[in-house]
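# Structural features, examined
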Amino acid sequence: MKKMFINGEWVEATSGDTREIINPYNQAVIATVSEGDKQDAKNAIAAAREAFDNKEWAAIPAAERGKVVHEIARLIERDREELAELESLDTGKTVEESRGDMDDIAGVFRYFAEMADKDGGEIIESPIPNSTSRVVHEPVGVCGQITPWNYPLLQASWKLAPALAAGNTLVMKPSEITPLTSIKVFELMEEAGVPAGVVNLVLGPGNSVGAELSVNDDVDLISFTGGIETGKRIMQAASSNVKNLALELGGKNPNIVFADADFETAVDQAMNAVFFHAGQICSAGTRLLVEESIHDDFVEALVNRVKTIKLGSGFDESTQMGPLISGDHLNKVINYVENGKQEGATVAVGGRRPEDPELQNGFFYLPTVLTDCTTDMGVVQDEGFGPVITVEKFTTEEEAVRLANDSIYGLSGGVFTNDIAKAERCVAKMRMGTVWINDVNLYFPQAPWGGYKQSGIGRELGKTGLEEYQETKHIFRNLKPEPVNWF
Ligand SMILES: NC(=O)c1ccc[n+]([C@@H]2O[C@H](COP(=O)([O-])OP(=O)(O)OC[C@H]3O[C@@H](n4cnc5c(N)ncnc54)[C@H](O)[C@@H]3O)[C@@H](O)[C@H]2O)c1
Ligand SMILES: C[N+](C)(C)CC=O
């Protein structure tokens with residue numbers, strides 16, 4: 001049985017409860033893990049608080065912290081194949097995708113390891129005679145980190161690496177249904193020499209473990225990646241002690257294709273945008289906006305290619321798309337498409353479960369293209385989080401941008417055109433945290449990631465990704481102290 005990591009020890013849940021972890025490809029039990037609750041969260045928070053207050057981690061030279069974070073990256077690279085296979089077992093995504101994730105994850109640890117000792121603070125020109133003024137950055141304190149099931153270790157790495165590099169202590173709660181790679185990376189952090197109490201892992205449900213992390217007064221910062229409704233609950237709970245808050249929430253991401261775009265590239269990328277990991281990506285380009293003059297040809301080409309997507313086991317090299325994460329999630333996607341049909345959308349391809357007998361034990365749904373969609377439909381506005389793309393038409397540049405912005409979300413968006421001036425005009429007006437010109441779904445450690453509007457608060461990755469884990473302190477020094485004699 002897999003355990004939790006609290007104060008440098010691998011421990012079972014205080015209640016003794018356990019949970020079975022299921023492979024979404026065939027519903028086989030792949031592991032049994034401890035199922036923690038509020039008490040375990042409290043124990044972990046206490047350990048992290050003590051480790052922070054004792055300055056075991058924050059006080060060591062930043063360069064030394066950087067070395068430990070580099071070592072974590074090295075161990076991830078060493079165990080890349082094991083981690084990739086675990087991630088695919090747990091999520092159903094192809095091993096090829098998981099290998100790519102592991103490379104990205106090692107890169108994220110290396111990026112923040114490099115940044116650990118690069119911050120020398122800032123000298124401010126003081127307007128007061130005989131004084132100095134400077135700004136320094138310090139760790140925030142105890143960080144609660146809550147992650148989703150779609151990119152379990154990737155999303156964890158965006159939180160773990162900067163928190164450690166900046167000198168914080170932390171308690172992480174991964175999604176209860178995909179904890180395996182997080183458990184493994186805590187083993188690697190222990191091996192890398194992170195001191196006891198600095199990193200703590202509590203497994204278990206959101207409404208107990210996650211809720212405790214969000215509300216507990218000993219937690220100074222809560223960083224959450226997941227759905228909007230959970231994000232709102234966490235934001236409310238975090239007000240208990242006015243925690244620092246970082247929210248990476250959902251998206252319903254438009255992808256605008258102009259008639260002058262390279263046709264084959266735009267069709268190809270429209271597919272990449274939405275069918276990787278069966279569309280279970282926050283930044284999936286699930287809203288396709290196509291210029292009217294090429295709409296019919298574009299849809300025909302898209303549908304023809306979508307029909308060839310091969311579904312199957314993530315461990316089969318010929319598989320292009322795996323299953324959805326769970327039976328519950330499959331039902332949500334089924335209902336989402338059925339609602340779309342009732343609103344007037346037409347199923348151009350897909351729109352049901354596959355009939356292949358080999359896929360019946362897995363949570364598979366066919367890649368789906370819905371046409372005749374308009375911006376007011378629920379299926380266009382709501383995040384379906386499945387392999388479903390809706391197609392809308394536009395006739396002018398202004399209309400394309402207006403439709404793209406007509407959303408409560410603002411995570412990402414794309415523009416395909418060979419007119420670069422037009423592309424730049426569009427992205428300047430698009431209210432999203434990331435916009436791609438003639439590409440989709442790219443992210444890397446150097447560039448910030450996060451959402452406008454209800455897609456979130458704050459930014460992970462890049463310089464801002466480290467700053468989220470830092471407090472800023474202004475230090476003023478009087479070089480000639482003497483009485484002021486005001487009173
Ligand atoms: N913006 C991004 O970078 C990004 C990245 C990945 C996923 N996402 C979003 O995540 C969602 C899918 O993930 P999910 O279904 O795991 O999301 P979710 O909100 O259901 O769960 C996310 C995490 O929150 C925990 N949780 C649930 N209820 C909680 C509560 N009351 N208090 C504290 N924690 C609680 C869960 O246990 C899980 O660990 C999608 O909306 C997707 O867009 C966003
Ligand atoms: C942030 N990203 C794109 C890695 C995963 C979103 O679900």
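For clarity, every value in this text was computed on a predicted model and none was experimentally measured.

Reading the values: rules and limits
Residues numbered from 1 in each chain as written. Chains lettered and ligands numbered in written order. Predicted model: local features only at pLDDT ≥ 70, side-chain atom pairs only at ≥ 80, totals over all residues. Heavy atoms only, no water. UniProt positions renumbered as here; feature names shortened; annotations may be inferred. Helix = DSSP H or I, 4+ residues; strand = E, 2+ residues; numbered from the N terminus. Buried < 20%, exposed > 50% of the residue type's maximum accessible area, 1.4 Å probe, protein only. Contact = heavy atoms within 4.5 Å. Near = heavy atom within 4 Å. Polar contact = N/O pair within 3.5 Å; in protein donor to acceptor, adjacent residues only side chain to side chain. Areas by Shrake-Rupley, 256 points an atom, 1.4 Å probe, with all protein chains shown as cover. Nonpolar A, V, L, I, M, F, W, Y, C, P; charged D, E, K, R; others polar. Domains from an automatic or database assignment. Buried area = accessible area lost by both parts, 1.4 Å probe. Salt bridge = Lys/Arg side-chain N within 4 Å of Asp/Glu carboxyl O. Pairing = 2+ DSSP bridges. Axes fitted to C-alpha atoms, helices over the stretch in contact; angles between N-to-C directions.

Mapped onto the present numbering, the UniProt feature "active site" (unreviewed entry) falls at Glu248. Mapped onto the elements of the fold, Glu248 is located in strand 11 (residues 244-248). A relative accessible area of 4% means that Glu248 is categorised as buried. In this view, Glu248 contacts Phe224, Thr225, Gly226, Trp449, Gly450, Gly451, Ser455, Gly458, Arg459 and Glu460; residues no more than four positions away in its chain are not counted.

Turning our attention to the site of ligand 2. In the vicinity of ligand 2, the residues found are Asn150, Tyr151, Leu154, Gln155, Trp158, Ile281, Cys282, Ser283, Tyr443 and Trp449. Between ligand 2 and Asn150, the relevant distance is 2.7 Å, taken from an oxygen atom to a side-chain nitrogen or oxygen of the residue. At 2.7 Å, a backbone N or O of Cys282 approaches an oxygen atom of ligand 2. Relative to its free-state accessible area of 250 Å², ligand 2 is covered by the protein chains to the extent of 99%. Of the residues in the shell around ligand 2, the class split is seven nonpolar, three polar and no charged.

This part is about unusual backbone geometry. If you check the backbone angles, Asn441 has positive phi at about 55° while not being a glycine. Residue Asn441 is classed as buried on the basis of its relative accessible area of 14%. With a phi close to 65°, Leu461 is a non-glycine residue in the positive phi region. Within the secondary structure, Leu461 is located in the loop between strand 21 (456-457) and helix 15 (462-467). Overall, Leu461 belongs to the buried group, its relative accessible area being 0%.

Taken as a whole, the protein chain is organised into domain 1 (4-249 + 455-474) and domain 2 (254-437). The gap between the C-alpha centroids of domain 1 and domain 2 is 31 Å. The partner domain 2 presents 27 residues to the 23 residues of domain 1 that form the contact. Note on domain 1 versus domain 2: buried area summed over both sides is about 2100 Å², and carbon and sulfur give 64% of it. Looking only at domain 1, the three residues that lose the most surface to domain 2 are Tyr25, Trp149 and Ser455, adding up to 30% of its buried area. Connecting domain 1 to domain 2 are zero salt bridges. Linking domain 1 to domain 2 there are nine residue pairs in polar contact (both at pLDDT 80 or more). If one sorts the elements of the side of domain 1 that touches domain 2 by residue count, helix 3 (residues 80-91) sits on top with five residues. Here the side of domain 1 that touches domain 2 is composed, by residue class, of nine nonpolar, nine polar and five charged.

What helix 8 (residues 228-238) keeps buried is the set Ile228, Gly231, Ile234, Ala237 and Ala238. In this structure, the buried side of helix 8 is in contact with strand 7 (142-146), helix 7 (206-215), strand 10 (221-225), strand 11 and strand 17 (409-410).

Turning next to the site of ligand 1. In the vicinity of ligand 1 there are 29 residues, among which Thr147, Glu176, Thr230, Leu249 and Glu383 approach most closely. Separating an oxygen atom of ligand 1 from a side-chain N or O atom of Glu383 is a distance of 2.6 Å. Contact between ligand 1 and Trp449: an oxygen atom at 3.0 Å from a side-chain N or O atom of the residue. The protein chains hide 88% of the 850 Å² of surface that ligand 1 would expose on its own. Per-element tally for the shell around ligand 1: the top contributor is helix 7, with four residues. Here the residues of the shell around ligand 1 are counted per class, giving twelve nonpolar, twelve polar and five charged. No fewer than three residues from each of domain 1 (4-249 + 455-474) and domain 2 (254-437) sit in the shell around ligand 1.

Take the environment of Arg110 next. You can see Arg110 is positioned in helix 4 (residues 95-115). If sequence neighbours within four positions are ignored, Arg110 has contacts with His70, Ala73, Arg74 and Glu77. A distance of 2.9 Å separates a polar atom in the side chain of Arg110 from a polar atom in the side chain of His70.

This part covers the sheet that holds strand 12 (residues 254-257). Think of a sheet as strands paired side by side through backbone hydrogen bonds, with each pair either parallel or antiparallel. The strand order across the open sheet built from seven strands is 14-15-16-13-12-18-19, with neighbouring strands paired in mixed fashion. What marks the edges here is a single partner per strand, and that holds for strand 14 (346-349) and strand 19 (434-437). Adjacent strand axes in the sheet meet at a mean angle of 25°, parallel and antiparallel pairs treated alike. In terms of strand pairing, strand 15 (residues 368-371) meets strand 16 (residues 388-394) through three bridges, oriented parallel. Across the sheet, the residue bridging to Leu370 is Thr390, located in strand 16. Here helix 9 (residues 263-275) sits on the sheet and contacts strand 12, strand 13 (287-291), strand 15, strand 16 and strand 18 (412-416); the angle it forms with strand 16, its principal contact strand, is near 135°. Sheet contacts for helix 13 (residues 397-405): strand 12, strand 13 and strand 16; angle to strand 16, the most-contacted strand, approximately 145°.

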